[in-house]
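Survey of secondary and tertiary structure
The lines below spell out each chain.
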Number of protein chains: 2
Amino acid sequence: MGSAPLIVASNRGPLSIVAVDDGDDEVRRGGGGLVSGMQAALSAAPDAVWICAALNDRERAMARRCTSGRLSEVPAVADALAGDFDVRMLPIDALTFRQAYNGIANSTLWFALHMLYEPARSPVFDLAWRRQWAGYVRYNRAFAEAIAAEAAPGATVMVQDYHLLLVPRMLSELRPDVRIGHFTHTPWVPPEYFRMLPDDVVHDLLEGLLAAHVVGFHTRRWAEQFSACCQEVLGRRPAGLEVFPLSTDADEMHDRAYERDVNRALRGLRDTVGERTVIGRVDRTELSKNVLRGLLAYRELLRTHPEWHDRVVHVVYNYPSREDLPEYREYTAAVERLAREIDDEFSTDDWTPLVLEIGDDYPGSLAAMRRSDVVFVNSVRDGMNLVVLEGIVLSERDPAVVLTREAGAAETLGDDAILINPFDVSQTAAALHDALAMPEDERRERVRRLRKKAVALPPVPWFRAQLDALAQVSI
Amino acid sequence: MGSAPLIVASNRGPLSIVAVDDGDDEVRRGGGGLVSGMQAALSAAPDAVWICAALNDRERAMARRCTSGRLSEVPAVADALAGDFDVRMLPIDALTFRQAYNGIANSTLWFALHMLYEPARSPVFDLAWRRQWAGYVRYNRAFAEAIAAEAAPGATVMVQDYHLLLVPRMLSELRPDVRIGHFTHTPWVPPEYFRMLPDDVVHDLLEGLLAAHVVGFHTRRWAEQFSACCQEVLGRRPAGLEVFPLSTDADEMHDRAYERDVNRALRGLRDTVGERTVIGRVDRTELSKNVLRGLLAYRELLRTHPEWHDRVVHVVYNYPSREDLPEYREYTAAVERLAREIDDEFSTDDWTPLVLEIGDDYPGSLAAMRRSDVVFVNSVRDGMNLVVLEGIVLSERDPAVVLTREAGAAETLGDDAILINPFDVSQTAAALHDALAMPEDERRERVRRLRKKAVALPPVPWFRAQLDALAQVSI
């Protein structure tokens, strides 16, 4: 038994340890709306702890030096956290971490939950895969045991995402006294698809999650698909299923988006695009984000509607992600090839039809959002997609929104966005045309409503709502 | 209005026109249980007609020469059909046929209904695809118009498969007096997957099929998934939904399997395998048949159970299919590579662990079925899979059956087969081991029941049952 009344558990923690020039460790505090949402709640609870995995050798070494397991032993961390709450970073061995994180979480569960498999070839669940799965089980057990050791009697534990689907059940067996919440940030899928996973794994994942007292998803749709899996596989409806549609924090986004580096990037972008209409998108280089079909749709738009030539620029910011997986590198290469083809087909001395930036350029991506006349998101499947909400909040142009119906955000934004089937390139091209051609008063009217919806449940109340739901559970 | 009281419509007809040595046309009558099942019903109805597409230039030329549209004008055809029924072969132009058959039926609908897409890359519904779709609509209309012209007042029309999903609605508009049955030989999929297709196409396909008075599938599962699509997309339950689980005709299979060419092939196979236990499989080189994971499972069996070395031979017959599609050629090449790897890893001077035959060798495949101790089918998705039923009927060895749960045949055969998840290579390897190790009396007991189930509804009563169901509909 420990002393923490509130624990957050997630793969990635609120801070990271990086090497600085002289080889020393430096502690960096993570950003992003979600982290700040949880930090706010943790800071309000005395003696709260955030439990996360050490992500590399440097972090593992530091975690192992802390005899209590808590990073506040390290002066630099104590300074960075300023006494708010403590962090326990689990020094899970490198092989186990790689198996759990790359092998299962990102190569198996991410693909299953985003319907990204290529069933003629993938998945293949063989002996090699079983070793990865054993790593995922060990990794989840390490979390469950650390939580059990830190949790005060009757504590509240908030477990995050598909990395930790087995934790609720493991933890409830170790500590039946604690209240367990779990939130899945990805989509879920129908039983027909989820049952591609091995039978025992399907069973263990569903039972693992069902042991949580509150099981949270971004949308009704994912919650219903999870429920359908439980009914078909386990023969019972899940209790404690709840929907918390995360949105964005307008103030925090605005503060960041008007810093000097973003202003500078925006001036550069204005030099490129001039007075032209901008279709903007910002994504990770992630298969599910569907950049390739997005570019195909833009090409079809330019081919079928030459009236937009020289009047529109498509600005695409792609943040590199999962470059260790070959299918991701190949996908990004295909995106670059198609971008060159579009440039070859349409660009003139005066007009660059497409600006594709692949790199880690957060100020540039915020500048693109501020300058977007059309906010464009066409993921094949997406738990929520906060970027579309951020784009709506940050654009200074009363943007029209073209949005895939397969993102959780479609449930939040509804028909005020132009919703598309992400596989239908022609429909997407037509939607881009409709967005470009939308009368100004209609755009203003729609975006007025969209801006409200985009900030309906920002991280702090989103996390608060989950804690409230959990507090009402009798255990 | 025509004079035919009974019409069958299908892409491929009961006969084909081939060139013989001197360049002349020769008429070949098709075989296979399904064709004979429908022929029996057609022969019993005076003036019945089978309407099919001309599949190549030679057939188109012959079809165009028939002024009535009916092939009985050609003496050789009249001889081949021996007055049973007539055949109308539609001389659909080559481009339309290619668009409908390759572009939509085999590259779009087959992939959608077997869940074979690779959603990060495929499908892509763009302008080029729309041209293919227009071809599919024209092809379906050609059938609907030909049927409307041939059908007697109040006639019965049996439309076959995913090539002709739009025909029932088109036909019911032209001829509200006829009774329309449709049978889908493929699986169906949940709405979440079917709705990857463009919205208007989803709508038209479902409405197209719903206009049939009886909509038939091989299993309850596919019928329920079709029903779920109708409810989610059209907001209504389909009427006339029925299940007709086709099985095999034991007598017809036996007659063919004991002809001289098969006996000769069986002697050759015996020389190779000796007294060893044979795991047999027979498939088309089709992505959905999952030969690659089948070989991976066999390799894992040999790696984890060395006691089977030199005691087992895996005999794989693959009939080439859809070689015009590059993904099929690549898949077959991958199968051949893996087969070589398995041979390199395990074969000895005395033992060939794997016999892979890729080619058109029907007698050889029947011989393999007769010699199989284990009948192995692991499709990722399969409307019925008649081969597993044929294997049960033909094997002379009281075979154990390892069968994917994703084939319609799993609903027919149930737990007397060892059912597997086709993506789970380790489970498949374990199932192969269990099949090899199954005590003789258990095998005998199971196969006794399996043999009954395998012949429960052969083609003639299967087709008769559909006609009966249709006769009971009031229109």
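All figures in this text were calculated on a predicted structure; none of them were measured in a lab. (Residues numbered from 1 in each chain as written. Chains lettered and ligands numbered in written order. Predicted model: local features only at pLDDT ≥ 70, side-chain atom pairs only at ≥ 80, totals over all residues. Heavy atoms only, no water.)

**A word on the sheet that holds strand E9 (residues 241-243) of chain B**
All names here are of chain B.
- Reading across the sheet, the seven strands line up as E5-E4-E1-E6-E7-E8-E9 and stay open at both edges, with parallel pairing between neighbours. Only two strands of the sheet have a single partner each, and these edge strands are strand E5 (86-90) and E9. For this sheet, the mean angle separating the axes of adjacent strands, direction not counted, is 20°.
- Bridging between strand E1 (residues 4-9) and strand E6 (residues 151-160) involves five bridges; their strand directions are parallel. Following the sheet pairing, leucine 6 is matched in E6 by threonine 156. (Pairing = 2+ DSSP bridges. Helix = DSSP H or I, 4+ residues; strand = E, 2+ residues; numbered from the N terminus. Axes fitted to C-alpha atoms, helices over the stretch in contact; angles between N-to-C directions.)

**A few points about the relation of the copies chain A and chain B**
- At an RMSD of 0.0 Å, chain A and chain B line up after a rotation of 180° and a shift of 0.0 Å along the axis. Such a turn and shift between the copies fits a two-fold axis. When each C-alpha of chain A is compared by its distance to the rotation axis, glutamate 118 of chain A comes out closest, at 2.2 Å.
- Of the residues that chain A buries at the interface, 100% are likewise interface residues in chain B, meaning the two copies contact each other through the same surface. (Least-squares fit on C-alpha atoms with pLDDT ≥ 70 in both. Contact = heavy atoms within 4.5 Å.)

**Some details on helix H17 (residues 425-437) of chain A**
Residue and element names in this part refer to chain A.
- An ideal rise of 1.5 Å per residue puts 18 Å on 13 residues; H17 measures up with 18 Å between its terminal C-alpha atoms.
- For H17, the set of buried residues is Val425, Ser426, Thr428, Ala429, Ala431, Leu432, His433, Ala435 and Leu436.
- Two or three places before serine 426, at the opening of H17, aspartate 424 has a side-chain oxygen 3.3 Å from that residue's backbone nitrogen. (Expected span 1.5 Å × (residues − 1). Buried < 20%, exposed > 50% of the residue type's maximum accessible area, 1.4 Å probe, protein only. Polar contact = N/O pair within 3.5 Å; in protein donor to acceptor, adjacent residues only side chain to side chain.)

**Quick word on the packing of helix H5 (residues 127-150) of chain A against helix H6 (residues 167-174) of chain A**
Residue and element names in this part refer to chain A.
- Taken N-terminus to C-terminus, the directions of H5 and H6 make an angle of 40°; their axes are 9 Å apart at the nearest point. When the interaxial angle is binned, H5 and H6 end up oblique. Seen from above, H5 lies across H6 with right-handed handedness. Side by side, H5 and H6 meet where Val137, Asn140, Arg141, Phe143, Ala144, Glu145, Ile147 and Ala148 of the first sit next to Val167, Met170, Leu171 and Leu174 of the second.
- Here the residues of the contact of H5 with H6 sort into nine nonpolar, one polar and two charged. (Parallel < 35°, antiparallel > 145°, perpendicular 65-115°, else oblique. Left-handed = near helix turned anticlockwise from the far one by under 90°. Nonpolar A, V, L, I, M, F, W, Y, C, P; charged D, E, K, R; others polar.)

**Considering the packing of helix H10 (residues 250-257) of chain A against helix H15 (residues 386-394) of chain A**
Residues and elements named next belong to chain A.
- One way to put it is that H10 packs onto H15 with a least axis distance of 10 Å and a crossing angle of 70°. Taken together, the axis directions place H10 and H15 in an arrangement best described as roughly perpendicular. Judged by the twist between their axes, the crossing of H10 over H15 is right-handed. Contacts between H10 and H15 involve Ala250, Met253, His254 and Ala257 on the former and, on the latter, Glu390, Val393 and Leu394.
- Here the residues of the contact of H10 with H15 sort into five nonpolar, one polar and one charged.

**What to know about the pattern of salt bridges**
Residues and elements named next belong to chain A.
- Under the counting rule described, the total for this entry stands at 80 salt bridges over all chains.
- Close ionic contact of arginine 70 with aspartate 86 constitutes a salt bridge, the shortest N to O distance being 3.8 Å. Linking arginine 70 in the loop between helix H2 (57-65) and helix H3 (75-81) with aspartate 86 in strand E5 (residues 86-90), this pair joins segments that are 16 residues apart in sequence. In this pair, the class of arginine 70 matches that of aspartate 86, namely buried. (Salt bridge = Lys/Arg side-chain N within 4 Å of Asp/Glu carboxyl O.)

**A short note on the interface of chain A and chain B**
- Every contact between the two is made by 43 residues of chain A and, on the other side, 43 residues of chain B.
- Of the roughly 3400 Å² buried between chain A and chain B on both sides combined, carbon and sulfur atoms contribute 50%.
- Linking chain A with chain B are six salt bridges.
- Across the pair arginine 381 of chain B and glutamate 192 of chain A runs a salt bridge whose closest N-O atoms are separated by 2.8 Å.
- Our count for the chain A to chain B interface comes out at 34 residue pairs in polar contact (both at pLDDT 80 or more).
- Examining the composition of the side of chain A that touches chain B, we find that five residues originate from one element, helix H12 (residues 291-304) of chain A, more than from any other.
- Partitioned by chemical class, the residues of the side of chain A that touches chain B number 22 nonpolar, six polar and 15 charged. (Buried area = accessible area lost by both parts, 1.4 Å probe.)

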